[in-house]
Amino acid sequence: MEKKDIKSLTLAELKTEMEEMGQKPFRAKQLYEWMHRKLARGFDEMTNLPLAMREQCGVSYTYTALPIVAVQESAVDGTKKYLFALEDGNVVESVWMRYKHGNSVCISSQVGCRMGCRFCASTIDGLVRNLTPAEMLDQIYAITRETGERVSNVVVMGSGEPLDNYENLLRFLTLLTDENGLHISQRSVTVSTCGLVPKMRELAQEKLQITLALSLHAATDEKRREIMPIADRYSLAELMEVCGDYFAQTGRRITFEYSLVRDVNDTREDAETLAALIRGMNCHVNLIPVNPVRERAYVQSDRRAVEAFAETLQRKGVNATVRRELGRDIDGACGQLRRRFLEDGKRADT
Ligand code: SAH
């Protein structure tokens, strides 16, 4: 039988497991606390558990604790990018950012991605596999251990499409926000999607208090189809409808992500079309100059164009901010560090 991944189990499931193992019920709580509060790296650290029990757990379960393969720290703003090794030799990356209101971690949800957005480095070689709930969690745990500082915000905006890994994402969110674990507030969690409409609808039904971010990047279907293949499947009209639904179900304002690409989506007309599309919605627009990826021809909009774009939106009554670019000097954009690593011919298991 395949071993269960113990860090992906809820406390209730762990209680059942311990019962079946013939352990006292309170052992489940202790185990859970070691994994999700004290962030133990393995059973051998759980010193108040009987040795026999720890050994039995080692036989029955796998334990996810991601080793750090590389860390890059930005000399400009202190942002850190981590590359982690997975059990099977794959690698994933995460970013740690320090903001005035606390530390934020951006995690990956898949190895690679199959969405094919033209400007994105994560998708170049397609999807390798989904991450488990524990592999998503441990990116945060490992960074907390390494920095010694509490993480207050989590954004699922690294490599991968989180809604393409829906079940694992939900389990991850449950564990991350559980009062017996790190207990990160749902309101401090953002999940970003390129726009998988049926999954967005399902997520709305969960009535979580997390922020849903939609990667829009264009204000007409035609233009969006040029840069995001997913736009062939779902129209902007459907997306706007499901965003309205998300707000109605949760009361949470939607975030629209808009990466500005020079001469592609950054003109005044683009800004006006965008304003007309989303005016009146409870939303916020995050503008970010596209991060040039070596394999892609897209060029960043210049500072003036970005500011003018934001001003046009604001004049039309749309909330918009230009996101501070962090980690520019350390391959900050999705999938860049992993790509660099793979290109260098290194493997996590050598
Ligand atoms: N798949 C999800 C989450 C991962 S991408 C999504 O599409 O939202 C996180 C955000 O970074 C998305 O808005 C994505 O479009 C954007 N992004 C990816 N590559 C980028 C790049 N090179 N420059 C700027 N933004 C980029």
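Residues numbered from 1 in each chain as written. Predicted model: local features only at pLDDT ≥ 70, side-chain atom pairs only at ≥ 80, totals over all residues. Heavy atoms only, no water.

**Let's talk about the sheet that holds strand E9 (residues 153–156)**
Here 10 strands make up an open sheet; going across it, the order is E3-E4-E5-E6-E9-E10-E11-E12-E13-E14 and the pairing mixed. The two strands at the open ends of the sheet, each matched to only one other strand, are strand E3 (68–73) and strand E14 (320–322). Direction aside, neighbouring strands of the sheet carry axes that sit 20 degrees apart on average. The sheet contact formed by strand E11 (residues 211–215) and strand E12 (residues 254–260) spans 3 bridges and is parallel. (Pairing = 2+ DSSP bridges. Helix = DSSP H or I, 4+ residues; strand = E, 2+ residues; numbered from the N terminus. Axes fitted to C-alpha atoms, helices over the stretch in contact; angles between N-to-C directions.)

**Here we look at the pattern of salt bridges**
Per the counting criterion, the structure on display carries 15 salt bridges. Several salt bridges share partner residues, and in doing so they unite Lys7, Asp138 and Arg145 into one network. (Salt bridge = Lys/Arg side-chain N within 4 Å of Asp/Glu carboxyl O.)

**Quick notes on unusual backbone geometry**
Although it is not a glycine, histidine 183 sits at a positive phi angle of roughly 55 degrees. Positionally, histidine 183 belongs in the loop between helix H5 (166–177) and strand E10 (189–193). Its relative accessible area of 43% is what places histidine 183 among the partly exposed residues. The phi angle at lysine 207 is positive, at roughly 50 degrees, despite the residue not being glycine. Here lysine 207 lies in the loop between helix H6 (197–206) and E11. Relative accessible area serves as the criterion here: at 45%, lysine 207 is assigned to the partly exposed category. (Buried < 20%, exposed > 50% of the residue type's maximum accessible area, 1.4 Å probe, protein only.)

**A word on helix H4 (residues 133–147)**
For H4, which comprises 15 residues, the first-to-last C-alpha distance of 22 Å matches the rise-based estimate of 21 Å (1.5 Å per residue) to within 8%. Extensive coverage of H4 is indicated by the burial of 13 of its 15 residues. At the exit of H4 stands glycine 148, carrying a positive phi of roughly 70 degrees. (Expected span 1.5 Å × (residues − 1).)

**Let's talk about the packing of aromatic side chains**
Enumeration according to the criterion identifies 3 aromatic pairs in this entry. Their ring planes at 5 degrees and their centres at 5.9 Å tell us that tyrosine 82 and phenylalanine 84 sit as a pair that is stacked. There is no split in this pair, since tyrosine 82 and phenylalanine 84 are both buried. Ring plane angle 35 degrees and centroid distance 5.0 Å describe the contact between tyrosine 258 and phenylalanine 309, whose orientation is recorded as tilted. Placement of tyrosine 258 in strand E12 and of phenylalanine 309 in helix H10 (residues 303–315) is noted, with a sequence separation of 51 residues between them. (Phe/Tyr/Trp six-rings, centres within 6.5 Å; stacked < 30°, edge-to-face > 60°.)

**Notes on the site of the ligand**
The ligand sits among 19 residues. The nearest are Glu161, Ser192, Ser215, His217 and Asn291. Phenylalanine 119 is positioned with one of its backbone polar atoms (N or O) 3.1 Å from a nitrogen atom of the ligand. Here an oxygen atom of the ligand and a side-chain polar atom of histidine 217 are 2.6 Å apart. Burial of the ligand by the protein chains amounts to 94% of its free accessible area of 530 Å². Elements that contribute at least two residues to the shell around the ligand include exactly E10 and E12. (Near = heavy atom within 4 Å. Polar contact = N/O pair within 3.5 Å; in protein donor to acceptor, adjacent residues only side chain to side chain. Areas by Shrake-Rupley, 256 points an atom, 1.4 Å probe, with all protein chains shown as cover.)

**Regarding the packing of H4 against H5**
Packing of H4 against H5 brings their axes to within 8 Å, and their N-to-C directions diverge by 45 degrees. With respect to each other, H4 and H5 are oriented oblique. Judged by the sense of rotation from one axis to the other, the crossing of H4 with H5 is right-handed. Along the contact surface, H4 presents Pro133, Met136, Leu137 and Ile140, while H5 presents Asn168, Leu169, Arg171, Phe172, Leu175 and Leu176. A class-by-class count of the residues in the contact of H4 with H5 yields 8 nonpolar, 1 polar and 1 charged. (Parallel < 35°, antiparallel > 145°, perpendicular 65-115°, else oblique. Left-handed = near helix turned anticlockwise from the far one by under 90°. Contact = heavy atoms within 4.5 Å. Nonpolar A, V, L, I, M, F, W, Y, C, P; charged D, E, K, R; others polar.)

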